[in-house]
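Below are the chains, spelled out letter by letter.
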Amino acid sequence: MDTVPQPDRRTFLRRAAVAAAIPAAASLLTLDLPGSAHAAPAAAASSDALPDYAPVPPGAFGPAVNASGYYVGQINGNLYWVTDGFYQAMFLTTTEGVVVVDAPPTIGRNLLRAIEEVTQARHRPARVTHLVYSHSHADHIGAASIFGAGVTRVAHTETKRLLKTARDTNRPLPTITFDDCYELRVGGERLTLSYHGPNHSPDNIFIQVPSAATLMVVDVVFPGWAPFKNLAETQDVPGWIAAHDAVLATPWQTLIGGHLGRLGTRADASLQRDYVNDLAASTRTVLGTLDPTPFFAKYGPAGNAWAIFKSYLDAAAEQAAAPVAAKYAGRLAAADVFTTANAAAMVNSARIDTGILGPFGIHP
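Since we're looking at a predicted model, the values are computed, not measured.

So, how was this worked out
Residues numbered from 1 in each chain as written. Predicted model: local features only at pLDDT ≥ 70, side-chain atom pairs only at ≥ 80, totals over all residues. Heavy atoms only, no water. Helix = DSSP H or I, 4+ residues; strand = E, 2+ residues; numbered from the N terminus. Buried < 20%, exposed > 50% of the residue type's maximum accessible area, 1.4 Å probe, protein only. Contact = heavy atoms within 4.5 Å. Areas by Shrake-Rupley, 256 points an atom, 1.4 Å probe, with all protein chains shown as cover. Pairing = 2+ DSSP bridges. pLDDT = per-residue confidence, 0-100. Salt bridge = Lys/Arg side-chain N within 4 Å of Asp/Glu carboxyl O. Axes fitted to C-alpha atoms, helices over the stretch in contact; angles between N-to-C directions.

A word on the overall build of the chain
Thinking step 1. Check the secondary structure of the chain and you find 10 helices and 12 strands.
Thinking step 2. Counting over 364 residues, the chain shows a buried share of 47%.
Thinking step 3. The long-range share in the chain, meaning contacts at least 24 apart out of those at least 6 apart in sequence, stands at 63%.
Thinking step 4. Only carbon and sulfur atoms are counted for the fraction: they give 57% of the accessible area of the chain, which is about 17,600 Å².

So, in structure tokens, the structure goes:
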């Protein structure tokens, strides 16, 4: 695997400036609202009014992107990855063409440029023959249409069902589907696709490239970083938690997590599993000890049931998050950013999925 340079603060700020231009451009749009011809654009928040967060540990950064806004690097053998610092895709060059896994819109046509760059240098066919969908979500495959109609698209059966419902022309339906396992062989190369049950989404799969000792699992492990908000906006929290064990039980040396700027290691997966397990344990403790009396006393006389629940759940999330955010500060980037939101998702899952109801259990 390539050794890649870590970007300095100036590089990171340059990326941030590009990202900042997106909402600025969006503010030029107007919305039609009832009772008015056009509403004024929402005022942009002043940067001075935004909160400060802990510095990002240098090891959480990936390689600097080029002038076009992407980085492409070799993982091992014929396997490559592409990132814009926020999302990731991978592709495998073969004697017959290129197999691509995922097409994030933020990378977009830079994925085509990266493929052309690599295949031209290696004197290999640049035509994309196959596109694998890790799962159905638009932020990871929303640029799938750029490969045209002649590509064989491979995905889980549930992905096809979800995409039929979505009716998104940027996410064409898969042409090959599978339920449990599928082996894709192209031009002397092999990818193994497997389904381990619902986790981040109902259809999220594991993609292995044995020749490169690489595993791609999207939206489960975020190498070097705390998980994204609400446990990565996961639709099946128990399945997502269990997926960490499944990832570590699979043989691999390099992990592509689908997000942020660098590749992952087994140590990254173990560290995030520890974070998740600590958050789950902290949540159980808080739900077993948090006194609901102040919330009932404040909002009960007014009959505001939602205020009771909101204040209780918010307090539970904050208390569950506090020791975990402190423990992983400096070890996982942005542990102070999303841990309270992750704890909120964990609290709801503990209540709904595992029956840890605290004061809202079976009435005596």
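So that's the structure; there's more coming.
Looking at the pairing of strand S8 (residues 181–186)
Thinking step 1. Pairing between S8 and strand S9 (residues 189–195): 6 bridges, direction antiparallel. Across the sheet, residue Arg185 finds its bridge partner in S9, namely Arg190.
Thinking step 2. Between S8 and S9, which pair antiparallel one after the other, the connecting turn spans 2 residues, and Gly187 there sits at a positive phi close to 50°.

A closer look at the confidence of the model for the chain
Thinking step 1. Scored by pLDDT, the chain comes out at a mean of 91, with 88% of its residues at no less than 70.
Thinking step 2. In this model residues 1–36 is a low-confidence stretch, pLDDT under 50, and it forms 38 contacts with partners more than four residues away in sequence or in other chains.

As for the pattern of salt bridges
Thinking step 1. Under the defined criterion, the tally for this structure stands at 8 salt bridges.
Thinking step 2. The partner of Asp168 in a salt bridge is Arg171, with the nearest N and O atoms 2.8 Å apart.
Thinking step 3. Residue Asp168 is classed as partly exposed on the basis of its relative accessible area, which comes to 23%.
Thinking step 4. The salt bridge partner of Glu183 is Arg190, with a shortest N-O separation of 3.3 Å.

Some remarks on the environment of Pro55
Thinking step 1. Topologically, Pro55 is positioned in the loop between helix H1 (9–26) and strand S1 (71–76).
Thinking step 2. Given the relative accessible area of 72%, Pro55 is considered exposed.
Thinking step 3. Along the chain, Pro55 and Ala333 lie 278 residues apart, while their C-alpha atoms are 7.8 Å from each other.

A short note on the sheet that holds S1
Thinking step 1. The mixed open sheet is built from 7 strands, whose spatial order is S1-S2-S3-S4-S5-S6-S7. Each end of this open sheet is capped by a strand with a single partner; those strands are S1 and strand S7 (176–178). Direction aside, neighbouring strands of the sheet carry axes that sit 20° apart on average.
Thinking step 2. Sheet analysis places strand S2 (residues 79–83) next to strand S3 (residues 88–93), joined by 5 bridges and oriented antiparallel. Within the sheet, the bridge partner assigned to Trp81 lies in S3 and is Met90.
Thinking step 3. Relative to S3, helix H2 (residues 110–122) is tilted by about 30°, and along the sheet it contacts S1, S2, S3, strand S4 (98–101) and strand S5 (128–132).

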